[in-house]
Amino acid sequence: MENLSESAKQIRDVINYIKIFKDALAVIHIDDQIIDSGLLPSLIHDIALIHQAGLKVIVSPGARKQISEILDGAKIEWKIQKGSRVAPESAMPLIKTAAFDVANTIMNHLAGENRTAVIGNWVKARAKGVLDGTDYGTAGEIDKLKIDVIKQTLDDGFIPIFPCIGWNDLGKPYNISSAELAQQIACGLKAQKLFYILPDPKISKNEFSLPDSVHLSGDGNIPAMNLAEAEEILRMNGDCGAEASPKSAAPADCGLEKNRGASEHRAQILSLLRLAKDACKKGVDRVHILNGKVDGILPCEIFSGIGSGTMVYNNGYGDLRAMQPQDIPSVLSLMNPFVQKGILLERTAKQLKADLDSYIVYNVDEGIHACAALKVYQESGASSEATQAEICAVAVDPAYGNMGVGPKIVNYLLDKARAQKIKSVFVMTTQTADFFEKLGFAPDSIDSIPAERKKLWNPERGSKVYRISL
């Protein structure tokens, strides 16, 4: 029965997200290591599925490995300088060939999924030029996108594919960054989603200095961060922009050194975080850095709360608000697994409606993923200073459990209690004492709670009291 309930929840999520993201735009950057692996067919199948579900899709594939191999095969010298490939003009025809071969690979796979993709000349670029005495040769910077043409291509039902090549006004080609290209496309078209798909993009304490405010998943990865947290991580670890070491940070197609080590992975992640942060500042709703080695990660990230990798979001992601009558069925469904485990007391729709003003919910994409209530007690004959309150009915969707939603919702209610000049807040718990102790609650006597609440206490259930003074 529990498995059936979980399946029903997942189906509801899918239906809800299909409705929300119909006609939304997803820009997808695929790292060259994923393209050059057996994982690509499954990923392309998933891209076709989300396109069939009604999303508009743009693909910006990386080609660094393929470009490196073709240049090495032709014995053309190249190097990485501050994240860009430096190669002579004679290399450009081969760079173009490799970049378009990769784009054609994506297009052919999509054709096999009955999706029509097109490769177009939509990017205007300019030469990077000579910087600090180094002639960057074939390396270019993105100057402008043909936004109207891209929009029309999307409206016609096609999937645009962007090779990592741009042209100047005279038709001269330049090698540009596919990761930066994906970001600029997402910003220019105000995409709802920007995806960076690469192998094992873990952001953990083992490789990075992390602020205390971020929450880690069970495997030690950061599942989500807001803009302030992203900026703090970049500051603590060194922004990998123009000052990155020559062969470590490469937001371009990039070629990099032949063996990708931990330092390169770290630099790549920091580079993507910088792009993600800037994208969110420029209007992209969410940027996802995903593990391309996890089969099905793309549809799971779009159509449910189940995912992998890290999401960077602007401050509009998720909101705490008062519960509305129409939320009650969703709140009861959210509570039910916790009731079954004996963590929460069972509540009815009638009870929730009667206590509507006490409840808040955490809403993401028109779905309720957490709830809690603040019940204020005023004992007969007591002054306002004697008033105390209870935080109760705390339930958080497990898929959001590692995103700091629980502490966020409790701290919100504590601030609400402070605004009402309440002196202390207590909780009654059987299985979540550790959670509340981390938030500053301490054990207290059952005799300390209001008489009205004590009448409802069940000695057989054995709930313990934890309190925090405000």
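Residues numbered from 1 in each chain as written. Predicted model: local features only at pLDDT ≥ 70, side-chain atom pairs only at ≥ 80, totals over all residues. Heavy atoms only, no water.

1. Description of the sheet that holds strand S21 (residues 424-429)
A sheet is described by the order of its strands in space; here seven strands give the open sequence S17-S18-S19-S20-S21-S23-S22, paired in mixed fashion. Of all the strands in the sheet, the pair left with one neighbour each is strand S17 (319-322) and strand S22 (442-444). Averaged over all adjacent pairs, the angle separating strand axes in this sheet is 35°, with direction ignored. Sheet contacts for helix H11 (residues 328-340): strand S18 (359-364), strand S19 (367-377) and strand S20 (388-396); angle to S19, the most-contacted strand, approximately 85°. Most of the contacts of helix H13 (residues 405-419) go to S19, to which it runs at about 30°, and overall it touches S17, S18, S19, S20, S21 and strand S23 (464-469). (Pairing = 2+ DSSP bridges. Helix = DSSP H or I, 4+ residues; strand = E, 2+ residues; numbered from the N terminus. Axes fitted to C-alpha atoms, helices over the stretch in contact; angles between N-to-C directions. Contact = heavy atoms within 4.5 Å.)

2. What about helix H5 (residues 92-112)?
Residues lying three or four places apart along an α-helix face the same way, a consequence of the helix completing one turn every 3.6 residues. End to end, H5 covers 30 Å across 21 residues, agreeing with the expected 30 Å (1.5 Å per residue, within 8%). Residues Met92, Ile95, Ala98, Ala99, Val102, Ala103, Ile106 and Leu110 constitute the buried set of H5. Down the axis of H5, the buried side of the element spans an arc of 145°, and every buried residue falls inside it. H5 presents Pro93, Asn108 and Gly112 as exposed residues on the side facing more than 90 degrees away from its buried surface. Remark: asparagine 114 follows H5 within two positions and exhibits a positive phi of approximately 60°. (Expected span 1.5 Å × (residues − 1). Buried < 20%, exposed > 50% of the residue type's maximum accessible area, 1.4 Å probe, protein only. Arc of directions from axis to C-beta.)

3. Focus: the packing of helix H3 (residues 40-52) against H5
Where H3 meets H5, the axes come as close as 9 Å, and the angle between the chain directions of the two elements is 60°. H3 and H5 meet at a crossing whose hand is right-handed. On H5, the residues touching Leu40, Pro41, Ile44 and Ile47 of H3 are Thr105, Ile106, His109 and Leu110. Split by residue class, the contact of H3 with H5 holds six nonpolar, two polar and no charged. (Left-handed = near helix turned anticlockwise from the far one by under 90°. Nonpolar A, V, L, I, M, F, W, Y, C, P; charged D, E, K, R; others polar.)

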